[in-house]
Amino acid sequence: MTLLARLEQVTAGYGAATVLHDVSWSVRAGEAWAVLGPNGAGKSTLVKVLAGLVKPARGTGLVGPHDVATTAPRLLAQQVAWVPQQVPDGLDFTALEVALMGRAPHAGPLGLTTAADEARARQALERFDVAAVGDRPLSQLSGGERRRVFLARGLVQDAPLLVLDEPTAFLDVRHQVETLTLARGLVSDTHAVVAVLHDVTLAAHFATHVVLLAAGRVVAAGRASEVLTAERLSSVYGTPMEAVGPGGFLPRWPT
């Protein structure tokens, strides 16, 4: 399958604080990646490097043919769609207007959207179960509704790589499952999805592949069935974990 992104010995962080250390990792079309690890492991920083939001201090990050450190944001946005962890409060844009922003990297010189763009945005809102609030400003929506509107924006962007930072935050169980099912359905021989997740069981059911981080380093990366073992998860999370049924993992509670 086509190589969509590659990190080679990337070290990155914020100012003098280094978060990622010599990370090498690649994403190909046809793959659904879950990024897992304990708090502070570097999960969000890893995906921000892919989106061009954090520049490597050392090493190389490529998305499509573009170097994330030097490529103009508009060109990078044609290759990777970014859905952030923190969805802004108080925006006066309507849900439809936010979804339409996903077409910006593909718009002409005047930045105008078309009727076809609007139809695509409305369809995306429908897929994420927020079509009914399309004409309402984001400031009037719940946290979960805002989250799904931004997911719709990512879908409308139509980039080969969709990067989701904690896409199930603020969502109830039904919408967690539906969101990851929709994301997995976008994977094809031309597209891939990368999602930062906290729930190991959700990750096991969503992902074809997993990259497991600890202290800013890759502990393991590969097929989910090979990376996700009770022994490895227990070591990384620092608490005993056990496999429960097909694709399930739970902490072992003290008796």
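Each value, and the rule that gives it
Residues numbered from 1 in each chain as written. Predicted model: local features only at pLDDT ≥ 70, side-chain atom pairs only at ≥ 80, totals over all residues. Heavy atoms only, no water. Helix = DSSP H or I, 4+ residues; strand = E, 2+ residues; numbered from the N terminus. Rg over C-alpha atoms; globule rule 2.2 N^0.38 Å. Buried < 20%, exposed > 50% of the residue type's maximum accessible area, 1.4 Å probe, protein only. Contact = heavy atoms within 4.5 Å. Areas by Shrake-Rupley, 256 points an atom, 1.4 Å probe, with all protein chains shown as cover. Lys, Arg positive; Asp, Glu negative; His and termini not counted. Charge placed at Lys NZ, Arg CZ, Asp CG, Glu CD. Expected span 1.5 Å × (residues − 1). Arc of directions from axis to C-beta. Pairing = 2+ DSSP bridges. Axes fitted to C-alpha atoms, helices over the stretch in contact; angles between N-to-C directions. Salt bridge = Lys/Arg side-chain N within 4 Å of Asp/Glu carboxyl O.

Asks: Is there a simple way to explain the overall build of the protein in this structure?
Replies: In terms of helices and strands, the protein carries 9 helices and 12 strands. Against the globule reference of 18 Å for 255 residues, the protein gives a C-alpha radius of gyration of 18 Å, in line with a compact fold. Projected onto its principal axes, the C-alpha coordinates of the protein cover approximately 55 × 40 × 35 Å. For the protein, with 255 residues in total, the buried portion stands at 50%. When contacts within the protein are restricted to residue pairs at least 6 apart in sequence, those whose partners lie at least 24 apart make up 65%. Total accessible area computed for the protein in this model is approximately 11900 Å², and 53% of it derives from carbon and sulfur atoms. Averaging the locations of the 22 positively and 23 negatively charged side chains of the protein gives two centres separated by 4 Å.

Asks: Is there a simple way to think about unusual backbone geometry in this case?
Replies: Leave glycine aside and you will find that most residues have negative phi; peptide bonds, for their part, are mostly trans. Phi at Gln-9 takes a positive value of approximately 50°, unusual for a residue other than glycine. Relative to the helices and strands, Gln-9 is located in strand E1 (residues 3-14). For Gln-9, a relative accessible area of 55% corresponds to the exposed category. Phi at Asp-22 takes a positive value of approximately 50°, unusual for a residue other than glycine. Under the relative-accessibility criterion, Asp-22 is labelled partly exposed at 46%.

Asks: Just checking my understanding: could you explain helix H4 (residues 115-127) for this structure?
Replies: Side chains three or four residues apart in an α-helix point the same way, a direct result of the helix having 3.6 residues per turn. Here H4 spans 18 Å end to end across 13 residues, near enough to the 18 Å set by a 1.5 Å rise per residue. Asp-117, Ala-121, Ala-124 and Leu-125 are the residues of H4 that are buried. Seen from one end, H4 has its buried residues packed into an arc of 100°, which puts them on one side. Across from the buried face of H4, at angles greater than 90 degrees, the exposed residues are Ala-115, Ala-116, Gln-123 and Glu-126. Tucked into the core, H4 has its buried residues touching helix H3 (95-100) and helix H5 (143-157).

Asks: For this particular structure, what's the right way to read the sheet that holds strand E2 (residues 17-28)?
Replies: Whenever strands of a sheet pair, they do so through backbone hydrogen bonds, lying parallel or antiparallel. Across the sheet, 4 strands lie side by side as E2-E1-E4-E5; this open sheet has antiparallel pairing. The sheet is open, and its two borders are formed by E2 and strand E5 (66-67), each paired with just one other strand. Here strand E4 (residues 58-63) runs beside E5; their pairing, made up of 2 bridges, is antiparallel. Looking at the pairing, Val-63 lines up with His-66 of E5. In the packing of helix H1 (residues 43-50) onto the sheet, the strands contacted are E1, E2 and E4, and the crossing angle to E1 comes to about 125°.

Asks: Is there a simple way to think about the sheet that holds strand E3 (residues 32-36) in this case?
Replies: On the basis of which strands lie adjacent, the open sheet formed by 6 strands has the order E6-E7-E8-E3-E9-E10 and mixed pairing. With one partner strand each, in any of the chains shown, strand E6 (80-83) and strand E10 (217-223) form the two edges of the open sheet. On average, each strand axis in the sheet is tilted by 15° relative to the strand beside it, whichever way the strands run. Note: E3 against strand E8 (residues 192-196), 4 bridges, orientation parallel. Bridge pairing in E8 links Ala-32 to Val-193.

Asks: Would you explain the pairing of E6 in this entry?
Replies: A regular strand places its side chains so that they alternate between the two faces of the sheet. Going residue by residue along E6, you find Val-80 and Trp-82 tucked away on one face and Ala-81 and Val-83 tucked away on the opposite face as well. As defined by bridge partners, E6 adjoins strand E7 (residues 161-165) across 4 bridges and the pair is classed as parallel. In the strand pairing of E7, Trp-82 is matched with Val-163.

Asks: Looking at this structure, I do not really get the pattern of salt bridges. What am I missing?
Replies: Close approach of charged atoms lets side chains of opposite charge pair. Overall, the coordinates contain 8 salt bridges when judged by the stated rule. We note a salt bridge from Arg-120 to Asp-158, for which the minimum N-O separation is 3.8 Å. Of the two residues, Arg-120 sits in helix H4 while Asp-158 sits in the loop between H5 and E7, which places them 38 residues apart along the sequence. On the basis of relative accessibility, which here comes to 35%, the residue Arg-120 falls in the partly exposed class. Asp-158 gets classed as partly exposed once you look at its relative accessible area, which sits at 41%. Among the salt bridges present, the one from Asp-129 reaches Arg-174, with a minimum N-O distance of 3.1 Å. With Asp-129 in the loop between H4 and H5 and Arg-174 in helix H6 (residues 173-185), this residue pair connects regions lying 45 residues apart in the sequence. Judged by relative accessible area, Arg-174 falls into the partly exposed class, the value being 47%. By sharing partners, the salt bridges in this structure join Asp-129, Arg-148, Arg-174 and Glu-178 into a single network.

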